[in-house]
Amino acid sequence: MQGNQNGAKIGHTTLSGENEAERKRTMNRTGKGTGSNTERDFSQGSIGRHILHIAAPMTLAQLINVLYNIVDRIYIGLLPEDATNALTGLGVAFPICTIVIAFANLVGSGGAPLFSIQRGAGDEAEAGRILDTSFALLAGLGLLLSGVGLAVREPLLYLLGASEATFGYADAYISVYLLGTVFDMLSLGLNSFINAQGFSGVGMLTVTIGAVCNLILDPVFIFRLEMGVQGAALATVISQGLSALWTFSFLTGKRTLVRLHPDVRRLWRERGGGLIPRVGRILSLGLSGFIMSITNSAVQIVCNVNLSWYGGDLYIAAMTIINSVREVVQMVTFGISNGAQPIISYNYGARKYDRVRTAIRITGVALLAYTAAAWLLVMAFAPQMVQVFNRDETLLPVAVHSMHLYFFGYFMMAFQFTGQCVFQALGRSRQAVFFSLLRKVFIVIPLTFLLPLIAGLGADGVFLAEPVSNFIGGLACFLTMYFTVYRRLSREGSASALRKGS
């Protein structure tokens with residue numbers, strides 16, 4: 001089995017016994033006794049309780065995190081003048097924000113599972129080097145994105161669907177937002193390593209600090225100081241800066257189990273030339289999360305362009321609201337899948353294959369139950385959800401009808417999230433990348449161009465591309481995971497039990 005081979009090669013130490021592994025986990029880089037770390041040992045105790053312990057605060061953290069941009073949109077929708085065009089401008093700029101998140105996911109979702117696998121294997125020294133390398137990547141990429149984004153923002157915004165009426169709003173927002181890119185990268189990317197150690201409450205506090213700050217500063221900058229969309233962006237940048245500062249201080253402090261060493265120059269002096277291969281492993285595994293985010297941005301671009309052809313600014317405003325609702329709805333799916341990943345990774349590294357299977361089952365059932373309930377709620381309360389963001393009577397019927405189309409059969413997303421979660425947690429980067437590309441690049445984007453031409457669907461075809469991709473891509477991802485991972489883990493578990501018995 002390829003996954004088992006990878007798991008055996010990842011660590012630099014052998015699993016000669018649980019006591020030895022535990023000793024290494026608790027002593028390396030921390031100097032702490034066993035008592036400070038046993039509650040972070042995911043190879044013992046209830047799988048469901050471990051997942052709930054991480055997923056619950058992470059879900060709340062996701063809810064708080066989406067407030068960053070959603071609160072901006074709510075306040076901008078309440079502007080006394082030209083609120084709909086201002087909201088559309090934010091919708092045009094939104095794919096650029098998604099690109100920044102994609103690069104944070106590239107490092108965070110790549111480094112954190114490798115970090116957890118090394119902790120499960122008892123090699124906390126290598127786990128620490130993965131953390132240090134990820135920090136350097138996040139900081140460097142953040143500075144690079146700021147410079148490039150500011151240089152090309154004008155042609156990029158027109159490419160994203162800006163019109164003469166909405167360009168000014170989009171440019172005013174993104175020009176300020178890009179100045180804080182490095183803060184966004186560090187707070188999002190490093191928070192994955194806090195959660196990977198089981199400190200989900202601290203991870204929740206990271207996003208709570210930023211979101212509450214944003215909630216307070218938005219009305220001050222937007223209305224009191226009359227800065228409009230620039231005020232919304234400035235509030236976001238300041239809030240992200242505070243989140244990044246908190247994350248950095250925790251990971252370099254005494255409470256963390258594996259400490260961040262920000263002086264990354266020593267990585268270049270590492271014997272054996274391990275830095276470049278480690279960077280390659282982080283980016284390779286993180287490519288799945290990166291592609292999921294970057295393809296979301298690509299889909300938003302394609303949708304905005306097609307909606308500008310078939311419906312105009314009003315339909316782009318509707319899509320902006322739909323994306324906002326989708327962010328809120330998906331917070332629980334991200335919380336569950338991200339909460340399960342450290343549990344799956346840790347037990348895989350510790351070769352507890354039966355516990356890996358149990359975690360997969362719990363994750364799949366929880367995701368399916370939630371997405372089915374979320375679909376019903378969106379269908380029933382779409383008008384009320386739209387009115388949270390805008391009270392324009394012309395926009396309301398368009399947005400409600402489009403939302404019903406977009407969220408049809410949303411429960412199928414559970415299969416996509418389950419499969420992606422497992423591939424990511426076990427370090428199977430090829431499968432994770434492929435299924436990220438399949439649903440968005442090979443299904444959604446072509447359908448966004450094709451469906452509007454069929455039977456006169458027009459703008460409706462743009463919104464229908466998403467549910468069609470959920471059915472096709474979701475089933476393909478889940479079934480592949482089931483036959484190539486889940487069933488094989490059963491055989492690996494039986495073989496492991498026989499080896500122990502002998």
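Residues numbered from 1 in each chain as written. Predicted model: local features only at pLDDT ≥ 70, side-chain atom pairs only at ≥ 80, totals over all residues. Heavy atoms only, no water.

### Observations concerning the overall build of the protein chain
When helices and strands are counted, the protein chain shows 17 helices and zero strands. Sorting the 502 residues of the protein chain into buried and exposed places 59% on the buried side. In the protein chain, 82% of the contacts between residues at least 6 apart in sequence involve partners at least 24 apart. Carbon together with sulfur atoms contributes 65% to the accessible area of the protein chain, which is approximately 19400 Å² in total. (Helix = DSSP H or I, 4+ residues; strand = E, 2+ residues; numbered from the N terminus. Buried < 20%, exposed > 50% of the residue type's maximum accessible area, 1.4 Å probe, protein only. Contact = heavy atoms within 4.5 Å. Areas by Shrake-Rupley, 256 points an atom, 1.4 Å probe, with all protein chains shown as cover.)

### Describing the packing of aromatic side chains
One pass over the structure, following the stated rule, counts 19 aromatic pairs. Seen from their ring centres, Tyr 406 and Phe 407 are 5.4 Å apart, and the 70 degrees between their planes marks the pair as edge-to-face. Judged by relative accessible area, which is 8%, Tyr 406 ranks as buried. Taking 5.6 Å as the distance between ring centres and 20 degrees as the angle between the ring planes, the aromatic pair formed by Tyr 482 and Tyr 486 counts as stacked. (Phe/Tyr/Trp six-rings, centres within 6.5 Å; stacked < 30°, edge-to-face > 60°.)

### Some points on unusual backbone geometry
In this structure, Glu 226 takes a positive phi of about 55 degrees despite not being glycine. Relative to the assigned elements, Glu 226 resides in the loop between α8 (200–224) and α9 (228–251). The exposure class assigned to Glu 226 is exposed, which follows from its relative accessible area of 69%. A positive phi angle, near 60 degrees, is found at Arg 351, a position not held by glycine. Relative to the assigned elements, Arg 351 resides in the loop between α12 (313–349) and α13 (353–389). The exposure class of Arg 351 is partly exposed, given its relative accessible area of 38%.

### Examining the packing of α13 against helix α14 (residues 395–406)
Closest axis-to-axis distance for the α13/α14 pair is 9 Å, and the angle between their directions is 145 degrees. Of the two elements, α13 crosses α14, and the hand of that crossing is right-handed. For the pair α13 and α14, the contacting residues are Val 378, Met 379, Ala 382, Pro 383, Met 385, Val 386 and Gln 387 in the first and Leu 396, Ala 399, Val 400, Met 403 and His 404 in the second. When grouped by side-chain class, the residues that make up the contact of α13 with α14 number ten nonpolar, two polar and no charged. (Axes fitted to C-alpha atoms, helices over the stretch in contact; angles between N-to-C directions. Left-handed = near helix turned anticlockwise from the far one by under 90°. Nonpolar A, V, L, I, M, F, W, Y, C, P; charged D, E, K, R; others polar.)

### Observations concerning helix α16 (residues 429–450)
Here α16 is 22 residues long and its end C-alpha atoms lie 30 Å apart, about the 32 Å a rise of 1.5 Å per residue gives. At Leu 438, α16 shows its largest bend, some 35 degrees. (Expected span 1.5 Å × (residues − 1). Bend = angle between axes of the 7 residues up to and from the residue.)

### Quick notes on helix α5 (residues 124–159)
The end-to-end C-alpha separation of α5 is 46 Å, well short of the 52 Å expected for 36 residues at 1.5 Å each. Arg 153 marks the point of greatest bend in α5, at about 70 degrees, and the proline Pro 155 comes within the next four residues. At the exit of α5 stands Gly 161, carrying a positive phi of roughly 110 degrees.

### So, the side chain of Thr 166
One can find Thr 166 in the loop between α5 and α6 (167–177). For Thr 166, a relative accessible area of 0% corresponds to the buried category.

### Thoughts on a nonpolar patch on the surface
There is a patch of nonpolar side chains on the surface, built from Trp 309, Tyr 310, Phe 449, Leu 450 and Leu 453 and spanning about 570 Å² of accessible area. Those elements that provide at least two residues to the nonpolar patch are α11 (275–310) and α16. When its relative accessible area of 61% is taken as the criterion, Leu 453 is described as exposed. (Patch = residues over 30% accessible without salt bridge, like charges linked within 9 Å, V, L, I, M, F, W, Y side chains within 5 Å. Salt bridge = Lys/Arg side-chain N within 4 Å of Asp/Glu carboxyl O.)

### Topic: the nonpolar core
Soluble globular proteins tend to bury their nonpolar side chains together. Leu 157, Tyr 173, Ile 344, Met 403 and Phe 407 are the most contacted members of the largest nonpolar core, which totals 138 residues. Contact partners of Ile 344, with chain neighbours within four places excluded, come to Val 356, Ala 359, Ile 360, Cys 421, Val 422, Ala 425 and Leu 426. (Core = buried A, V, L, I, M, F, W, Y, C linked by side-chain atoms within 4.5 Å.)

### Things to note about the side chain of Arg 357
Summarising the element assignment, Arg 357 is placed in helix α13. No salt bridge forms around the buried Arg 357; measuring N to O, its nearest opposite-charge neighbour Asp 354 is 4.8 Å away. Apart from the residues within four sequence positions on either side, Arg 357 is in contact with Tyr 486, Arg 487, Leu 489 and Ser 490. (Lys, Arg positive; Asp, Glu negative; His and termini not counted.)

### Some remarks on the environment of Ile 336
Counting through the fold element by element, Ile 336 comes out in helix α12. Ile 336 gets classed as buried once you look at its relative accessible area, which sits at 11%. Linking Ile 336 and Ala 366, residues 30 residues apart in sequence, is a C-alpha distance of 7.6 Å. Sequence-distant contacts of Ile 336, defined by excluding residues within four places in its chain, comprise Ala 55, Thr 59, Thr 363, Ala 366 and Leu 367.

### Focus on the pattern of salt bridges
Under the counting rule described, the total for this entry stands at seven salt bridges. Residue Arg 278 pairs with Glu 126 through a salt bridge whose shortest N-O separation is 2.9 Å. Here Glu 126 lies in helix α5 and Arg 278 lies in helix α11, a separation of 152 residues in the sequence. A relative accessible area of 2% means that Arg 278 is categorised as buried. For Glu 126, a relative accessible area of 1% corresponds to the buried category. Arg 439 is the salt-bridge partner of Glu 466, the closest N and O atoms lying 3.2 Å from each other. Of the two residues, Glu 466 is situated in helix α17 (residues 459–501) and Arg 439 in helix α16; the sequence distance between them amounts to 27 residues. What you see here is one network of salt bridges that share partners, running through Glu 126, Arg 129, Arg 278 and Arg 281.

### A short note on the confidence of the model for the protein chain
Looking at the protein chain, the pLDDT average stands at 82 and 85% of residues meet or exceed 70. Segment residues 1–39 is flagged for pLDDT under 50; beyond a separation of four residues in sequence, or across chains, it makes 79 contacts in the model. The low-confidence segment residues 497–502, where pLDDT is below 50, has zero contacts with residues more than four positions distant or belonging to other chains. (pLDDT = per-residue confidence, 0-100.)

### Quick word on the environment of Gln 230
Structurally, Gln 230 can be placed in helix α9. When the C-alpha atoms of Gln 230 and Val 176 are compared, they prove to be 6.6 Å apart, with 54 residues separating the residues in sequence. Among all residues touching Gln 230, those that are not within four sequence positions of it are Ala 172 and Val 176.

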